[in-house]
Each structure stands twice: as structure tokens, then as C-alpha cells.
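An overview of the molecular structure
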Amino acid sequence: MDLSFYKGKRVLVTGHTGFKGAWLCKMLTMLGADVTGYALEPPTEPNLFGMLKLPINSVIGDIRDFDQLKAVFDDFKPEIVLHLAAQPIVRDSYKMPRYTYDVNVMGTVNICECIRLSDSVKSFLNVTTDKVYENEDLNIAFTEDMKLDGYDPYSNSKSCSELVTHSYQKSFLNAQGVAVSTARAGNVIGGGDFANDRIVPDSVRAVMSGEQIIVRNPYSTRPFQHVLEPLYVYLLIAMKQYENRDFAGYYNVGPDDSDCITTGELCDIFCKHYGGGAEWKNISEKNAVHEAGFLRLDTSKLKSTFGWEPVWNIDTALLKVVEWTKVYAAGGNVDAVCEAQIKDFSERI
């Protein structure tokens, strides 16, 4: 997959200060893209964005602030827009449902409206989640044509974000010649994720503190994948539809079925690679919020359209997480680790 296409391209990344956004900006700058990021201050402390050496134009702003966002569009005139800004935590959406909808739905409206009023954008990718589907825990793999109706406020707000994107596409952006896609991915893991209520960051914090890893739902199945897997797919989709609008569409992005494992199995592999007596224990919560017990994506459309195949299986993905974590724990150069892992991943493609 030749991504030299991005050299010199003007790319706007929303949510660039988050975990996925920071990795994405690192990739784009290594490709020679002209990158502007738009996001709130990093959501955690510590945070990956602050650890990386990113030669980008970083604009700190709220995706709900239409006037500031439009000013960035007017000034930067992006050719490609990658929309990652979101309230991304399921459990936080139960605590802050209104805020979650405000950010995830109206934020998408603002992005789409800025693109509608722009004369520079040629390719737009809205990154949503694998949780947009109506999930009745029937042990089936979701395909892109299945009903969108996420259960919790986070998942449902992302379903709404999809619908907003579809409406703008049909009502305005198709006629303007803008290629539009959405990418449904989730359960990404990788070095530098410090979010709350995510199993790998929780595991990292526990082992670095010499404590047992606490697992709420060890039997829940999820399509875990290294963060570089979906990020490369995002860049592939945005590039291909820029060159040919026939590639625009809705795409599931996930691992092969063999890497859809339970949270407990994930922790087993993490502990094996981390060593040092790392272990986990199951602590089920009373009155826990609803979370789907089974989630798996059918990625045949992505594979047949682009010839894409996952690069790192779950064992390798967790090995890379542990590699990054141990350098971080030792006060080493995590920017260099990110760059080396990106190069390794690229060579394997």
C-alpha cells in the first residue's frame, strides 16, 4: 500500500490530541503531509500527544464551536478531513449523556456544515465505532447494511453521527464532488492510551503500580486490534476515494475472527508478555451499566474492495503494547518507539 500520495496534502484531523489522533498525526507527518489538528486539550495526563514530536499546526478548540472550526477551514483549506473528535467512552456516556450527544452529534453536524461551505475538501472520512449497530447479543458478525441503533448514549450518538453524515452526503456533498465515507472501528489497543475504563490502559496502570488487573467483564468478546490497523485503513479509504469517488461508502474495520477474543483472554496474553508476575482477577460489578456481551464485525467488504488484510494478530499487537509500555516506564524515548512500530507495520504491509 503506497501512501506517498499524502506527501504535501493538506489534511485536517479533528481529535488530534487523543490517543488515536496522536498516532494518526505521527503517521501523516512521517508521510510528509501538511497537517492541522483541531481538538480540545489532551484528555488525560499523561498523554501521548504531548510525548510525540509532531510538526503540525495544533489548534485547541471545541468541535461544538462552529465559528472557530469554520475559521480553521477558511484559513487552512483542507483537501482531506479525518474526523476523530468525540466523547469516546461508553461508561462516561452514562454519566454525561447530554454532553456525549452534543459532542458526537452536533460536532459531526458542524464538521459536515464546514465541508458544505468549503471549496477545498475532496475527501471526508467520519470515524465512528463498531458499536453503532443494534446489538441483541445474537453471536453474529455485523455487516454494513445492518440496522444502526447503538444501545448506550455513546453508541447511539455515534449511530446518529452516521445518519448526519449520510444526510449531508446525499443532500449536499455528492453534488459538490466531495467523497464521503464512514469507518466503523473500535476496541483499538496500543502504546500511549491513558484513557479511563479501557482494559489495556487499566492493565498498564495496574502492572506499573504492582497491582492486580481488575476485569469487570472477562467473558465479553470484542474485536481487539492494534491502533495502526484502523489508522492505515482510514488513510487508505481517504486516499482511494480522493482518487475515485466510487470507493466512498461505509466500512467495518476490524480483525479476523480468530482475533475476536474475550477480555479475559486478552488479559492472559498481556500478562504473558509483560511478565514480572502480572495477573488479573475477575470482579463483577453490582448494578453495572449495560455493555454488550458479544461484538464482532464482518470485514469482507473492506477486504474485497481494497484487498486489505490485518497485519498484526492480537498476540503481536499486545507484544507491541508491552514494548511501548516498558520504554515509557523506563523514561525512554516513546516517540522513537512509535516511529519504529509504524515503520515495522508499513514494511509488513
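First, a word on scope: everything that follows refers to the structure included in this document. (Residues numbered from 1 in each chain as written. Predicted model: local features only at pLDDT ≥ 70, side-chain atom pairs only at ≥ 80, totals over all residues. Heavy atoms only, no water.)

Observations concerning the pattern of salt bridges
Overall, the coordinates contain 22 salt bridges when judged by the stated rule. The residue Lys 131 makes a salt bridge to Asp 130 at a minimum N-O spacing of 3.3 Å. Comparing Lys 131 with Asp 130 shows no difference in burial state: the two are buried. Salt-bridge contacts for Asp 344 lead to Arg 348; the nearest nitrogen and oxygen are separated by 3.0 Å. With Asp 344 and Arg 348 both in helix 12 (residues 334-348) and four residues apart, the pair spans about one turn of that helix. A relative accessible area of 54% places Arg 348 in the exposed class. (Salt bridge = Lys/Arg side-chain N within 4 Å of Asp/Glu carboxyl O. Buried < 20%, exposed > 50% of the residue type's maximum accessible area, 1.4 Å probe, protein only. Helix = DSSP H or I, 4+ residues; strand = E, 2+ residues; numbered from the N terminus.)

Some words on the packing of helix 1 (residues 19-30) against helix 12
Interaxial distance between helix 1 and helix 12 falls to 11 Å at its minimum, and their mutual angle equals 70 degrees. Compared by their axis directions, helix 1 and helix 12 come out roughly perpendicular. As for how helix 1 packs across helix 12, the hand of that crossing is right-handed. For the pair helix 1 and helix 12, contact is made by Trp 23, Lys 26, Met 27 and Met 30 and by Asp 335, Cys 338, Glu 339, Gln 341, Ile 342 and Lys 343, respectively. Class assignment for the residues of the contact of helix 1 with helix 12 results in five nonpolar, one polar and four charged. (Axes fitted to C-alpha atoms, helices over the stretch in contact; angles between N-to-C directions. Parallel < 35°, antiparallel > 145°, perpendicular 65-115°, else oblique. Left-handed = near helix turned anticlockwise from the far one by under 90°. Contact = heavy atoms within 4.5 Å. Nonpolar A, V, L, I, M, F, W, Y, C, P; charged D, E, K, R; others polar.)

Considering the side chain of Ser 157
Structurally, Ser 157 can be placed in helix 6 (residues 153-176). Classification of Ser 157 by relative accessible area gives buried; the value is 0%.

Re the sheet that holds strand 2 (residues 34-39)
Pairing between the strands of a sheet is mediated by backbone hydrogen bonds and can be parallel or antiparallel. Across the sheet, seven strands lie side by side as 3-2-1-4-5-6-11; this open sheet has parallel pairing. Both edges of this open sheet fall to strand 3 (57-60) and strand 11 (250-252), since each of them pairs with a single strand only. Taking each pair of neighbouring strands and ignoring which way they run, the sheet shows an average axis angle of 15 degrees. The sheet contact formed by strand 2 and strand 3 spans four bridges and is parallel. (Pairing = 2+ DSSP bridges.)

A few points about helix 9 (residues 263-274)
In a regular helix each residue adds 1.5 Å, so 12 residues correspond to 16 Å; helix 9 covers 16 Å between its end C-alpha atoms and thus fits that length. Along helix 9, nine of the 12 residues are buried, which leaves the element largely enclosed by surrounding structure. Regarding helix 9, the residues found buried are Thr 263, Gly 264, Leu 266, Cys 267, Ile 269, Phe 270, Cys 271, His 273 and Tyr 274. Tucked inside the fold, the buried residues of helix 9 contact helix 7 (199-208), strand 8 (213-215), strand 12 (260-262), strand 13 (280-282) and helix 11 (314-329). One or two residues past the end of helix 9 sits Gly 275, with phi positive at roughly 70 degrees. (Expected span 1.5 Å × (residues − 1).)

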